[in-house]
Amino acid sequence: MDAGQLHLKTSLLKVDPLAPQPSLIARAARLIKNGEVVAFPTETVYGLGADATNDLAVEKIFEAKGRPSDNPIIVHISSVGELGKVVRNPSPKVVEFVSYYWPGPLTVIFKKSSSISYRVTAGLETVAVRMPAHPVALALISASGRPIAAPSANISGRPSPTSAQHVVEDLDGRIPLVLDGGETHYGVESTVIDISGETPVLLRPGPITTADLSPLLGEFGEPGHVHRERPIAPGMKYVHYAPNAPLTLVLGKPNGIVDKVLDLAKRSGSSESKIGVLCTDETYSRYPPDFVRLSLGSRFAPYEMLRNLYRCLRFFDKAKVSAIYAEGFDEIGINATLMNRLRKAATSVVET
Ligand code: AMP
Ligand code: MG
């Protein structure tokens, strides 16, 4: 880490998430054009952006986050028309496909064009691209006049930020500017797919499920069938999303889960230990009030549970719990995405 990076003053700039003020966007865009990094809201999580065509700027992302240098970064564009600048010869069929889902929380892998540096792709010939569905993100990319490379705006290994406050918690003094557009909509990172082969491959589950994509893409293959010498999707190699305390993910039916958590907590806890439980509206009242109880929301509102996940994980850190028990879900539909992130946060998984 460059010592100068540690003493930056971080400005937090409130921006209207629906109709971003052009003067505020211009200020952020000037930083991007000058090779600086800026944190900004997207519909998934907050991103830490830099000019994707400027190696030194991209380097600052890795420095600020403490990100391993062989973990590639997603490139963000503000219109489908810009795809041709970052990607080599996109086929009309693929352009038609992305036009259907963009703007939105879907990242697609392409062959990179020469304008995208190997620093962004971690040496790969491919680049991950997405057009975000957030007025602030779109305005920033458009005003910068260049593609923006942006991973999530957290210290590597921490839960992704779903509010500007989370970004400040992690990166204060390390970046010059955070655009504060309020809480993010999905609260979880984009779906990443590779459609370059015979069958589409899901590299990272996200807000758009394989069931959402199958009408256009057909059945998905297994990620194991793809051969690459480097990490090809987030979390395939690195631990992500982990809170400080060990998290035990408990699988089974809701009633059994509650009994199991109470039993595990009783057996493991000394009198001083503070137990955190990540539960649901349906089970909340069945845990004792001296637990740090956080409900993700209703089991019947899965997108709401997803949206609340990272905020809850960060809250457990602040509450300094010594152990966390999290309720598991059937890995069906959008709950497969929730379970993917819970498994990554978990130090152990138990069945009832
Ligand atoms: P994040 O870690 O949330 O910032 O998301 C970025 C992730 O997108 C990386 O961890 C990569 O695994 C994935 N990604 C970026 N570029 C590529 C690529 N060229 N091929 C496959 N996956 C990629
Ligand atoms: Mg990330």
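Residues numbered from 1 in each chain as written. Chains lettered and ligands numbered in written order. Predicted model: local features only at pLDDT ≥ 70, side-chain atom pairs only at ≥ 80, totals over all residues. Heavy atoms only, no water.

Tracing the backbone through its elements, the reader meets Thr42 in the loop between strand S2 (38–40) and strand S3 (47–51). Separated by 166 residues in sequence, Thr42 and Ile208 have C-alpha atoms that sit 15 Å apart. Excluding residues that lie within four positions of it along the chain, Thr42 makes contacts with Arg130, Pro132, His134, Ala137 and Thr184. Side-chain polar atoms of Thr42 contact the backbone oxygen of Val45, separated by 2.7 Å. At 3.3 Å, the side chain of Thr42 forms a polar contact with the side chain of Arg130. (Helix = DSSP H or I, 4+ residues; strand = E, 2+ residues; numbered from the N terminus. Contact = heavy atoms within 4.5 Å. Polar contact = N/O pair within 3.5 Å; in protein donor to acceptor, adjacent residues only side chain to side chain.)

Turning next to the packing of helix H4 (residues 92–101) against helix H8 (residues 210–217). The contact between H4 and H8 brings their axes to 12 Å, and the two run at 145 degrees. Here H4 runs over H8; the crossing is right-handed. Packed against H4, whose contacting residues are Phe97, Tyr100 and Tyr101, the element H8 presents Asp212, Leu213, Leu216 and Leu217 at the interface. Grouping the constituent residues of the contact of H4 with H8 by class yields six nonpolar, no polar and one charged. (Axes fitted to C-alpha atoms, helices over the stretch in contact; angles between N-to-C directions. Left-handed = near helix turned anticlockwise from the far one by under 90°. Nonpolar A, V, L, I, M, F, W, Y, C, P; charged D, E, K, R; others polar.)

That bond from Trp102 to Pro103 is cis: its omega, -5 degrees, falls within 30 degrees of zero. Among the structural elements, Pro103 can be located in the loop between H4 and strand S5 (106–111). At Asn89, a position not held by glycine, the phi torsion is positive, near 45 degrees. Among the secondary structure elements, Asn89 is positioned in the loop between helix H3 (83–86) and H4. Taking relative accessible area as the criterion, Asn89 reaches 69% and is therefore assigned exposed. One non-glycine residue with positive phi stands out, namely Lys320, at about 55 degrees. (Buried < 20%, exposed > 50% of the residue type's maximum accessible area, 1.4 Å probe, protein only.)

Each aromatic ring pair is described using two quantities: the centre-to-centre distance and the angle formed by the ring planes. Across all of its chains, the model carries three aromatic pairs by this definition. Ring centres of Phe97 and Tyr101 lie 5.2 Å apart, and the angle between their planes is 50 degrees; this geometry places the pair in the tilted category. With Phe97 and Tyr101 both in helix H4 and four residues apart, this pair spans about one turn of that helix. In this pair, the class of Phe97 matches that of Tyr101, namely buried. Seen from their ring centres, Tyr100 and Tyr101 are 5.1 Å apart, and the 75 degrees between their planes marks the pair as edge-to-face. (Phe/Tyr/Trp six-rings, centres within 6.5 Å; stacked < 30°, edge-to-face > 60°.)

Another point: the sheet that holds strand S11 (residues 247–251). Pairing within the open sheet is parallel, and its five strands lie in the order S13-S12-S14-S11-S15. The open sheet has two free edges, formed respectively by strand S13 (292–295) and strand S15 (348–351), since each of these has just one partner strand. With strand direction ignored, the average angle separating the axes of adjacent strands in the sheet is 20 degrees. The sheet contact formed by S11 and strand S14 (residues 323–327) spans four bridges and is parallel. Bridge assignment links Thr248 to a residue of S14, and that residue is Tyr325. (Pairing = 2+ DSSP bridges.)

Take it as geometry only, folks, not as evidence of what the structure does.
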